[in-house]
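Coordinates in review
Listed below are the residues making up each chain.
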Amino acid sequence: MPAIDGTIAMPRQTSRTGPQPPAPPESGNGPPPVIALLDMLGRRWMLRVLWALRGGALSFRDLQETCDGMSPSVLSRRLAELREMGLIEPPGDGDGYRLTSPGQELVAVLTPISFWAERWRREIKGRDVS
């Protein structure tokens, strides 16, 4: 959930207990907010779920089909984490998960990166990039 200063508190993860509830933003300690956000979004399937919701609300089953290969337990965790981050809303009456206003803003920020990635992929296609 965005804090008063506009930052997003990120869930902490420990090896024994799994994801923890979001911690309040720390001043001067820990990674900068952009690094914390990118670390969270870099978790397996996180961006895929977020990106799937850019076109509108989707049910749990529709998300699972869109993100082929994701187990129901992982999808449940990712949805919970995205809700804790304030980026998605749970289904209401008869509709599915959908992006919140901050989630829509984040997808809008990621869209130019998507265009860049498409150009990059076309440019490196056929080249040895190892």
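Look up a bit, the structure's there.
In short, a report on the structure.

1. Some details on the overall build of the protein chain
Across its full length, the protein chain carries 5 helices and 4 strands. The order of α-helices and β-strands along the protein chain, N terminus first, is β-β-α-α-α-α-β-β-α. Partitioning the intrachain contacts of the protein chain with sequence separation of at least 6 by distance along the chain shows that 47% fall at a separation of at least 24.

2. A few points about unusual backbone geometry
Most of the time, phi is negative for any residue but glycine, and the peptide bond is trans. Although it is not a glycine, Trp45 adopts a positive phi angle of roughly 75°. Mapped onto the elements, Trp45 comes out in the loop between helix 1 (33–41) and helix 2 (46–52). On the basis of relative accessibility, which here comes to 15%, the residue Trp45 falls in the buried class.

3. Side note on the pattern of salt bridges
Summed over all chains, the structure comprises 6 salt bridges. Asp68 is the salt-bridge partner of Arg48, the closest N and O atoms lying 3.1 Å from each other. With a gap of 20 residues between them, Arg48 in helix 2 and Asp68 in the loop between helix 3 (60–66) and helix 4 (72–84) connect regions that are remote in the sequence. Here the salt bridges do not stand alone but share partners, grouping Arg43, Arg78 and Glu81 into one network.

4. Describing the nonpolar core
In terms of nonpolar packing, the biggest core is built from 25 residues, with Val49, Leu50, Leu53, Leu63 and Leu82 touching the most fellow members. Counting only elements with at least two residues in this core, the list comes to helix 1, helix 2, helix 4 and helix 5 (101–124). Those residues in contact with Leu53 that sit more than four places away from it in its chain are Leu58, Leu63, Ile88, Tyr97 and Leu99.

5. Description of a nonpolar patch on the surface
On the surface, a nonpolar cluster with roughly 260 Å² of combined accessible area is contributed by Val34, Ile35 and Leu38. Locating Val34 in the fold gives a position in helix 1.

6. Some thoughts on helix 4
For helix 4, with 13 residues, the first-to-last C-alpha span of 18 Å sits near the 18 Å given by 1.5 Å per residue. Inspection of helix 4 places Val74, Leu75, Arg78, Leu79, Glu81 and Leu82 among the buried residues, and these make up the whole buried set. Buried positions in helix 4, seen along its axis, are confined to an arc of 160° and lie on one side of it.

7. Re the side chain of Arg43
Along the polypeptide, Arg43 turns up in the loop between helix 1 and helix 2. A polar side-chain atom of Arg43 sits 2.5 Å from a polar atom in the side chain of Glu81.

8. What about the packing of aromatic side chains?
In this structure the tally under the stated criterion is 1 aromatic pair. Centroid distance Trp116 to Trp120: 5.9 Å. Interplanar angle 10°. Geometry classified as stacked. Residue Trp116 and its partner Trp120 are located together in helix 5, separated by 4 residues, close to a single helical turn.

Rules of the game
- Residues numbered from 1 in each chain as written.
- Predicted model: local features only at pLDDT ≥ 70, side-chain atom pairs only at ≥ 80, totals over all residues.
- Heavy atoms only, no water.
- Helix = DSSP H or I, 4+ residues; strand = E, 2+ residues; numbered from the N terminus.
- Contact = heavy atoms within 4.5 Å.
- Buried < 20%, exposed > 50% of the residue type's maximum accessible area, 1.4 Å probe, protein only.
- Salt bridge = Lys/Arg side-chain N within 4 Å of Asp/Glu carboxyl O.
- Core = buried A, V, L, I, M, F, W, Y, C linked by side-chain atoms within 4.5 Å.
- Patch = residues over 30% accessible without salt bridge, like charges linked within 9 Å, V, L, I, M, F, W, Y side chains within 5 Å.
- Areas by Shrake-Rupley, 256 points an atom, 1.4 Å probe, with all protein chains shown as cover.
- Expected span 1.5 Å × (residues − 1).
- Arc of directions from axis to C-beta.
- Polar contact = N/O pair within 3.5 Å; in protein donor to acceptor, adjacent residues only side chain to side chain.
- Phe/Tyr/Trp six-rings, centres within 6.5 Å; stacked < 30°, edge-to-face > 60°.

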